[in-house]
Amino acid sequence: MQLFDVYSLYPIEPVRGQGAYVYTENGERYLDFYGGHAVISIGHAHPHYVSMISEQVGKLGFYSNSVENKLQLELAEKLGRQSGLDDFQLFLVSSGAEANENALKLASFHTGRSRIIAFRGAFHGRTSAAVNATDNEAIKAPINRNYPVTFLDINDLDAVRRELEKDDVAAVIIEGIQGVGGIHVPDADYLEALPELCHQHGALLILDEVQSGYGRSGKFFAFQHSRVRPDLITMAKGMGNGFPIGGVLIAPEIEPESGMLGTTFGGSHLACAAGIAVLDVIEREELVANAKTQGDYLIQALRETGLFGEVRGHGLMIGLEMDTSIAPLRKHLLFDHHVFTGSAMDPKTLRLLPPLNVGRQECDVLLEALKTARTTAPTA
């Protein structure tokens, strides 16, 4: 049997990791400034994480959501306290796409409507409803186009107002920081205006924090750089540090009904152990503050190099825009400097998404590699 060939692969195979580094079988070390799509939040092979998962799988790895699971309650308590959203409700799933799928479904249940407002450059996942709200026609099959979506420019409040005034919108869905779209940050006053505008016209506001959440921006959620209060918040990537787990935070005004949502693997014992371990480490090691400290340092240093047309982002979610394709630079960084970085939907934007426990030394290694590679890499 062969693998279904849908991925473009680099000829590198990491077999172990430690902190902000991964290693190949022959011992080559690579600095990880991509975190596997921003998934690695507390660093590779953190001992507390390894211990909690190992201990839990030795006791009980899985049982269904038809029985009580105190680990779900512990995870919810810690998440509510650290995020400052302890009045919200938590529904646990297994991925960011599943989180957005269920948030869209809840909005439709709550409003009785189906039209969604999303934004150009948006990425919300690859499952049926989530991909329909994603601004990439190439990854949508005909079956995915199963409800109306209106794509607008980010930060254009008048455009949102005009669409909401049609009184047929179930929800506005927006990323706390656009990730795949190229690290674009919504204006704070724009976000703050959305809830009241949505509610005036019977719609809900969904904040997609799948990539930008869990401390990556220097706040627990990226939307907390403003004073916005969403109705629904989705999360996943950094939530399990590599273990598949996601969730939807649901405002108290939205009441649950038995059977309205469901999942097989979401909230399993092993997933909860991973999620609890991540929250333990984020709190004990003050990783949200570290993301801000190291991110502020990096953003300022990167701007001072003058090598990039624009440096965008918050915390350890940084986009570097060039006037040409970043593909040659990215390959140069990987193969000549052993540094993993990320691409974006915008071919001229490089993404930096390191583990939240990255230190100043690793930041300086990245800066030196970028300076050398930027000046010596061939252009596309």
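Because the structure is a prediction, the values reported are computed rather than measured. (Residues numbered from 1 in each chain as written. Predicted model: local features only at pLDDT ≥ 70, side-chain atom pairs only at ≥ 80, totals over all residues. Heavy atoms only, no water.)

A.B. asks: Sorry, what's going on with the sheet that holds strand β11 (residues 310–314) here?
C.D. replies: Each strand in a sheet pairs with another by means of backbone hydrogen bonds, the pair being arranged parallel or else antiparallel. Spatial ordering of the open sheet is given by β11-β12-β14, a layout of 3 strands whose pairing is antiparallel. With partners counted over all chains shown, the strands left at the sheet margins are β11 and β14 (349–352), one partner each. Averaged over all pairs of adjacent strands, the angle between strand axes in this sheet comes to 15°, irrespective of strand direction. Where β11 meets strand β12 (residues 317–321), 5 bridges bridge the pair, whose relative direction is antiparallel. The partner of Val311 across the bridge, within β12, is Leu320. (Pairing = 2+ DSSP bridges. Helix = DSSP H or I, 4+ residues; strand = E, 2+ residues; numbered from the N terminus. Axes fitted to C-alpha atoms, helices over the stretch in contact; angles between N-to-C directions.)

A.B. asks: It is not clear to me how the sheet that holds strand β5 (residues 115–119) should be interpreted in this structure. Could you clarify?
C.D. replies: The strand order β4-β10-β9-β8-β7-β5-β6 describes an open sheet built from 7 strands, whose pairing is mixed. Only two strands of the sheet have a single neighbouring strand rather than two, namely β4 (89–93) and β6 (149–152). Recorded for the sheet is a direction-independent mean angle of 20° between the axes of neighbouring strands. Relative to strand β10 (residues 246–250), β4 runs antiparallel, the two sharing 5 bridges. In the strand pairing of β10, Val93 is matched with Gly246.

A.B. asks: Where do I start with the pattern of salt bridges in this structure?
C.D. replies: Considering all chains together, one arrives at 19 salt bridges under this definition. A salt bridge links Glu163 to Arg115, with the shortest nitrogen-to-oxygen separation between them at 2.8 Å. Of the two residues, Glu163 sits in helix α6 (residues 157–164) while Arg115 sits in strand β5, which places them 48 residues apart along the sequence. Among the residues examined, Glu163 registers a relative accessible area of 13% and is labelled buried. Assessed through its relative accessible area of 8%, Arg115 is described here as buried. Among the charged side chains, a network of salt bridges with common partners joins Glu74, Lys78, Asp280 and Arg284. (Salt bridge = Lys/Arg side-chain N within 4 Å of Asp/Glu carboxyl O. Buried < 20%, exposed > 50% of the residue type's maximum accessible area, 1.4 Å probe, protein only.)

A.B. asks: Whenever I open this one, the packing of α6 against helix α7 (residues 188–200) confuses me. Can you help?
C.D. replies: Geometry of a packed helix pair, given as the angle between the helix axes and the separation of the axes. Where α6 meets α7, the axes come as close as 11 Å, and the angle between the chain directions of the two elements is 10°. The orientation of α6 with respect to α7, classified from their angle, is roughly parallel. Counted together, Leu157, Val160, Arg161 and Leu164 of α6 and Tyr190, Ala193, Leu194, Leu197 and Cys198 of α7 form the full contact between these two elements. Class assignment for the residues of the contact of α6 with α7 results in 8 nonpolar, no polar and 1 charged. (Parallel < 35°, antiparallel > 145°, perpendicular 65-115°, else oblique. Contact = heavy atoms within 4.5 Å. Nonpolar A, V, L, I, M, F, W, Y, C, P; charged D, E, K, R; others polar.)

A.B. asks: Where do I start with unusual backbone geometry in this structure?
C.D. replies: Residues apart from glycine generally show negative phi values, whereas peptide bonds are mostly found in trans. Positive phi is not limited to glycine here, since His37 has a value of about 70°. Along the chain, His37 turns up in helix α1 (residues 35–38). Residues other than glycine seldom take positive phi values, yet Tyr214 does so here, at roughly 60°. As for its position among the elements, Tyr214 is in the loop between β8 (204–208) and β9 (232–235). Of the residues examined, Tyr214 reaches a relative accessible area of 2% and is grouped as buried.

A.B. asks: When you look at the side chain of Thr234 in this model, what are you seeing that I'm missing?
C.D. replies: Take Thr234: it is sitting in strand β9. Assessed through its relative accessible area of 0%, Thr234 is described here as buried. Sequence-distant contacts of Thr234, defined by excluding residues within four places in its chain, comprise Ala99, Asn100, Ala103, Ile206, Leu207, Asp208, Glu209, Val210, Gly247 and Val248.

Read these as layout, nothing more, since geometry by itself doesn't imply function.
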